[in-house]
Amino acid sequence: MNSIALNIQEIRRKVAKAAGLSGRKPDAIDIVAVTKTIPIPDIEKAITAGICKIGENRVQELAKKHGKINNQIEWHMIGHLQTNKTRQIIDKADLIHSLDRWSLALELNKRSALVGKIMPVLIQVNIAKEETKFGLYQKEVIPFIEEAIQLPNIAIKGLMTMAPFVENPEEVRSVFKALFTLSKKIESMELKGVKMDYLSMGMTNDYEVAIEEGANLIRIGSGIFGKNN
Ligand SMILES: *Cc1c(COP(=O)(O)O)cnc(C)c1O
């Protein structure tokens, strides 16, 4: 087995364990393989090993790779999305994890309408209020969603966060707990068209803790493809 396949096997083992600790089945958690800077042959190895969701954080790279991989996989836009670049991925992205401002909501709605699509999106939340990170602050999320449900061509499917980078992932457990609590609160409001299907949280360094706290979409880059990429 190649190292990418081995890495995926090891991650699946840990995912299953963490899922068990949160009372869920392993297949309730989906892995998004984060392929920024990763060449196509390595991405194909991951697909052969069973990966069916690919995450990119740059518009150009997603658009380029999209045309080169023929398999039936999902494309996730996970990085900061510039408003003037949405057009390039609107027909290619299956889920956008990084809706973080009103101007982007308007543009996504407009572009999706033009291609006859309802774009599934996650709201990016900056739980830890890090100045270096994008995302709405916790208290802004519900008012934002209440406005965004008026846009017919975007569909809110959940929340996403990036926890601060720490040596010991236990330090960011509270961040994941907070996102989970917020998603439950939104779910209980039963807003028209709003589903909390996805909680996108957890990366290579902290995905086990994130799953224990309710993540069902984890975004793994270096854990699959290696640290040097
Ligand atoms: C790069 C990236 C990841 C994956 O990070 P790793 O630590 O390599 O697993 C996840 N989410 C986002 C938004 C990223 O940009």
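Before reading further, recall that the structure is shown in the block above.
Residues numbered from 1 in each chain as written. Predicted model: local features only at pLDDT ≥ 70, side-chain atom pairs only at ≥ 80, totals over all residues. Heavy atoms only, no water.

S.K.: Tell me about the overall build of the protein, and name the residues and values.
M.R.: Regarding its fold elements, the protein presents nine helices and eight strands. Computed over C-alpha atoms, the radius of gyration of the protein comes to 17 Å, within 12% of the 17 Å expected from 2.2 N^0.38 for 229 residues, which places it in the range of a compact globule. When each of the 229 residues of the protein is scored for burial, the buried share is 49%. Long-range contacts, defined here as pairs at least 24 residues apart, represent 59% of the contacts in the protein between residues at least 6 apart. Accessible surface for the protein amounts to roughly 11,100 Å². Of this, 50% is attributable to carbon and sulfur atoms. Distance between charge centres in the protein, computed from 32 positive and 27 negative side chains, equals 4 Å. (Helix = DSSP H or I, 4+ residues; strand = E, 2+ residues; numbered from the N terminus. Rg over C-alpha atoms; globule rule 2.2 N^0.38 Å. Buried < 20%, exposed > 50% of the residue type's maximum accessible area, 1.4 Å probe, protein only. Contact = heavy atoms within 4.5 Å. Areas by Shrake-Rupley, 256 points an atom, 1.4 Å probe, with all protein chains shown as cover. Lys, Arg positive; Asp, Glu negative; His and termini not counted. Charge placed at Lys NZ, Arg CZ, Asp CG, Glu CD.)

S.K.: Give a description of the site of the ligand that names residues and reports values.
M.R.: Residues in close proximity to the ligand include Val34, Lys36, Asn57, Ile78, Met162, Met203, Thr204, Arg219, Ile220, Gly221 and Ser222, which together make up its full environment. At a separation of 2.8 Å, an oxygen atom of the ligand approaches a polar backbone atom of Gly221. The contact in question runs from an oxygen atom of the ligand to an N or O atom on the backbone of Ser222, over 2.8 Å. The residue inventory of the shell around the ligand, partitioned by class, reads five nonpolar, four polar and two charged. (Near = heavy atom within 4 Å. Polar contact = N/O pair within 3.5 Å; in protein donor to acceptor, adjacent residues only side chain to side chain. Nonpolar A, V, L, I, M, F, W, Y, C, P; charged D, E, K, R; others polar.)

S.K.: Lay out the packing of helix 6 (residues 138–148) against helix 7 (residues 173–189) with the relevant residues and their values.
M.R.: At their nearest, the axes of helix 6 and helix 7 sit 11 Å apart, and the two run at 30 degrees to each other. Judged by the inter-axis angle, helix 6 sits roughly parallel to helix 7. In the packing of helix 6 onto helix 7, the handedness of the crossing is right-handed. Counted together, Gln138, Val141, Ile142, Ile145 and Glu146 of helix 6 and Ala178, Leu182, Lys185, Ile186 and Met189 of helix 7 form the full contact between these two elements. Counted by class, the contact of helix 6 with helix 7 contains seven nonpolar, one polar and two charged residues. (Axes fitted to C-alpha atoms, helices over the stretch in contact; angles between N-to-C directions. Parallel < 35°, antiparallel > 145°, perpendicular 65-115°, else oblique. Left-handed = near helix turned anticlockwise from the far one by under 90°.)

S.K.: Can you lay out the pattern of salt bridges for me, pointing to particular residues and giving the numbers?
M.R.: Inspection of the entire model under this criterion finds 17 salt bridges. In this structure, the salt-bridge partner of Glu74 is Lys53, at a minimum N-O distance of 3.6 Å. With a gap of 21 residues between them, Glu74 in strand 3 (residues 74–77) and Lys53 in strand 2 (residues 53–56) connect regions that are remote in the sequence. Relative accessible area serves as the criterion here: at 7%, Lys53 is assigned to the buried category. A salt bridge links Arg173 to Glu213, with the nearest nitrogen and oxygen atoms 2.7 Å apart. Linking Arg173 in helix 7 with Glu213 in the loop between helix 8 (207–212) and strand 8 (217–220), this pair joins segments that are 40 residues apart in sequence. Like Glu213, Arg173 is buried. The network of salt bridges with shared partners includes Glu170, Arg173, Lys177, Glu212 and Glu213. (Salt bridge = Lys/Arg side-chain N within 4 Å of Asp/Glu carboxyl O.)

S.K.: Tell me about the side chain of Asp100, and name the residues and values.
M.R.: Mapped onto the elements, Asp100 comes out in the loop between strand 4 (95–99) and helix 5 (102–114). A distance of 2.7 Å separates the side chain of Asp100 from the side chain of Arg101, its partner in a polar contact. In this structure, Asp100 is in contact with His80, Gln124, Phe134, Gly135 and Leu136, ignoring residues within four places of it in sequence.

S.K.: I'd love a proper account of the nonpolar core, names of residues and values included.
M.R.: Counting 69 residues, the largest nonpolar core has Ile123, Leu159 and Ile224 as the members making the most contacts within it. Contacts of Ile123, omitting those with residues within four sequence positions, involve His97, Leu99, Leu136, Val141, Phe144, Ile145, Ile156, Gly158, Leu159 and Met160. Grouped together as the second largest cluster of nonpolar side chains are five residues, Val32, Leu122, Met160 and Leu217 included. (Core = buried A, V, L, I, M, F, W, Y, C linked by side-chain atoms within 4.5 Å.)

S.K.: Tell me about the side chain of Ser183, residues and numbers included.
M.R.: Looking at the element boundaries, Ser183 is found in helix 7. Judged by its relative accessible area of 7%, Ser183 falls in the buried class. Apart from the residues lying within four places of it in its own chain, the contact partners of Ser183 are Leu159, Met196 and Leu199.

The values reported here are purely geometric and, on their own, carry no functional implication.
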